[in-house]
Amino acid sequence: MTIRTHFKENFHLAYPVMLSNLGHVMMSVTDTMMVGHLNAESLAAAGLAVVVFNVFMLFGIGVSFAITPLVAAAQGENNDTDIVETLRHGLVINVINAFILIGVVEIGKNVLYHINQPVEVVERAIPFLSIVAFSLVPMMVFQSYKQFAEGLSNTRVALVVMILANILNVILNYILVYGHAGSPAFGLIGAAWATFISRIFMAIAIAVYIYYIPSFRKFRAAFSWGNYSKKLFSKMLHLGIPSGVQFIFEAAAFDFSLVMMGWLGTKTQAAHQIAINLATLSYMTTAGLGTAATIRVGYFSGARDYKNMRLAAYTLLGMALLFMSITAAIFIIANNWLPTLYVNDPTVIPIAASLLIVAAIFQLSDGAQVVCASALRGLQDVKIPSFFIFISYWVIGLPLGYWLGFKTDYQAIGIWMGLLIGLTLTAIAMFLRLKWSMDRRLAVGG
């Protein structure tokens with residue numbers, strides 16, 4: 001296969017995932033925009049709740065990612081039985097994991113009162129967090145079927161469901177947050193209920209779609225229960241848990257930066273939430289290219305076609321760098337305008353605008369690390385990359401960000417400079433690991 005062929009096939013595989021991932025984030029973006037027009041305290045509360053929730057959500061998503069490379073590899077081997085068993089076992093793992101994560105959130109939510117955050121922000125954040133936490137169950141059901149379909153290179157089903165869910169979420173936010181169509185104005189809590197209901201719709205819609213669509217008919221046995229394999233559960237957990245830990249290390253680093261921003265005041269925290277919201281949009285969109293890397297690398301690895309495996313990975317890396325260059329330019333050119341989509345507060349907008357310049361600088365690193373980490377996931381290499389992320393963020397990036405933020409005059413910019421350094425180190429380490437892994441397979445397998 002030529003580079004042009006890879007580019008074309010990767011694009012057709014990736015763009016529905018990019019739009020689907022964008023839809024995932026747009027639910028939080030919609031909630032944030034809607035409540036941001038209430039007041040700065042509601043925006044900061046939504047931001048605090050969302051970033052805490054995101055740690056658990058991303059861990060769950062990471063665990064569900066075990067499904068995709070196993071399904072892709074089984075498809076490369078033409079093994080339909082393994083595909084069915086992977087979905088059956090993955091669904092059980094993900095639902096149980098969702099209930100565990102809900103329990104952790106409910107037990108630990110009051111810790112927010114003890115991390116030196118503004119009291120008025122925490123009091124609004126906790127009820128919001130409790131509601132969205134329970135949306136983890138339908139969300140993990142959705143993720144199970146989404147990862148299964150994507151492992152089979154069908155990336156459009158999740159996109160269709162996501163578009164419909166986001167339309168529903170916007171309508172429900174409009175009704176429940178501001179009090180339209182005969183509904184009381186629930187404010188911040190209304191946004192939480194809108195997200196919860198929308199995620200229930202997502203789970204039901206994708207399950208029904210996959211069950212009834214003819215192209216998935218031969219996999220209907222995946223909807224059966226019983227006769228589970230301890231060995232397969234173990235294999236999926238050994239792949240899924242390190243993937244979830246990767247997300248926790250990275251997401252928690254950004255979340256801890258939000259906590260540090262809270263030490264600088266509610267206005268700074270609100271500005272951080274705006275900038276991180278926009279940076280997350282670009283990251284999650286590029287993560288669609290990462291998903292394509294997991295699928296393509298997993299497929300070619302299962303088929304023992306190591307030359308095309310390497311070419312697919314490098315093509316997707318180039319596509320990610322190109323896309324992130326565009327988003328970097330947008331952040332720089334529109335850094336003063338983009339925050340106005342969230343707030344009208346003249347003290348918040350300048351801080352957010354300055355943070356977007358830093359976000360623009362780390363776009364290339366962010367794009368490179370997500371594709372390289374995803375390609376490594378396609379090779380079922382997840383433990384060493386998790387270690388890289390821990391060292392880059394928690395040993396180097398965050399301590400440096402704390403020092404720059406509180407021991408110098410950089411403050412909010414200093415904290416984000418620490419994130420920039422952590423991201424850059426992660427990208428370099430992931431690329432070197434991926435190159436080594438692929439070169440080794442090519443040398444052994446030809």
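Here, every reference points to the structure presented above.
Here the structure is a predicted model, which means the values were calculated and not measured.

(A) Examining the overall build of the chain more closely. On a plain count of helices and strands, the chain comes out with 15 helices and zero strands. Summarising its shape, the C-alpha atoms of the chain cover approximately 60 × 50 × 35 Å along the three principal directions. Out of the 446 residues in the chain, the part that is buried amounts to 60%. Partitioning the contacts of the chain with sequence separation of at least 6, the portion at a separation of at least 24 is 84%. With the model as given, the accessible surface of the chain reaches about 17200 Å², and the carbon-plus-sulfur share is 69%. Within the chain, the 19 negative side-chain charges are centred at a point lying 11 Å from the centre of the 26 positive side-chain charges.

(B) Focus on empty space enclosed by the protein. Inspection of every chain in the model, using the stated rule, returns five cavities of 30 Å³ or more. Approximately 220 Å³ is the volume found for the second largest cavity. Forming the walls of the second largest cavity are 22 residues, and the residues nearest its centre are Phe65, Phe247, Tyr283, Ala287 and Val370. Elements with a minimum of two residues in the lining of the second largest cavity: helix H1 (3-36), helix H2 (40-64), helix H6 (136-151), helix H9 (230-263), helix H10 (266-302) and helix H13 (363-378). Class assignment for the residues of the lining of the second largest cavity results in 10 nonpolar, nine polar and three charged.

(C) Representation of the layout of surface pockets. A volume near 350 Å³ is recorded for the largest pocket. Along the wall of the largest pocket there are 18 residues; nearest its centre are Val52, Val55, Phe56, Leu112 and Ile115. For the lining of the largest pocket, the elements supplying multiple residues, two or more each, are H2, helix H4 (80-108) and H9. Among the residues forming the lining of the largest pocket, the class breakdown is 15 nonpolar, one polar and two charged. As a volume, the second largest pocket reaches approximately 180 Å³. Along its surface, the second largest pocket is lined by Leu70, Ala73, Ala74, Glu77, Asp82, Glu85, Thr86, Leu232, Lys235 and Gln380. Elements with a contribution of two residues or more to the lining of the second largest pocket: helix H3 (67-76), H4 and H9. Residue composition of the lining of the second largest pocket, grouped by class: four nonpolar, two polar and four charged.

(D) Structural context of the packing of H2 against H4. Put simply, H2 and H4 touch, their axes get as near as 10 Å, and they point 165° apart. It follows from the interaxial angle that H2 and H4 lie roughly antiparallel. Taken as a pair, H2 and H4 cross one another with a handedness that is right-handed. Residues Phe56, Phe59, Gly60, Val63 and Ser64 of H2 touch H4, and the partners they reach there are Ile93, Asn94, Asn97, Leu101, Val104 and Val105. Classifying every residue of the contact of H2 with H4 gives seven nonpolar, four polar and no charged.

(E) Examining H9 more closely. With 34 residues, H9 extends 47 Å between its outermost C-alpha atoms, agreeing within 8% with the 50 Å of an ideal straight helix rising 1.5 Å per residue. Immediately downstream of H9, the backbone of Gly265 shows phi near 120°, a positive value.

So, how was this worked out
Residues numbered from 1 in each chain as written. Predicted model: local features only at pLDDT ≥ 70, side-chain atom pairs only at ≥ 80, totals over all residues. Heavy atoms only, no water. Helix = DSSP H or I, 4+ residues; strand = E, 2+ residues; numbered from the N terminus. Buried < 20%, exposed > 50% of the residue type's maximum accessible area, 1.4 Å probe, protein only. Contact = heavy atoms within 4.5 Å. Areas by Shrake-Rupley, 256 points an atom, 1.4 Å probe, with all protein chains shown as cover. Lys, Arg positive; Asp, Glu negative; His and termini not counted. Charge placed at Lys NZ, Arg CZ, Asp CG, Glu CD. 1 Å grid on protein atoms, 1.4 Å probe; cavity = no way out; pocket = protein on both sides within 12 Å on 5 of 7 lines; lining within 4 Å. Points joined across faces, edges and corners; volume = space filled by probe spheres on them. Nonpolar A, V, L, I, M, F, W, Y, C, P; charged D, E, K, R; others polar. Axes fitted to C-alpha atoms, helices over the stretch in contact; angles between N-to-C directions. Parallel < 35°, antiparallel > 145°, perpendicular 65-115°, else oblique. Left-handed = near helix turned anticlockwise from the far one by under 90°. Expected span 1.5 Å × (residues − 1).

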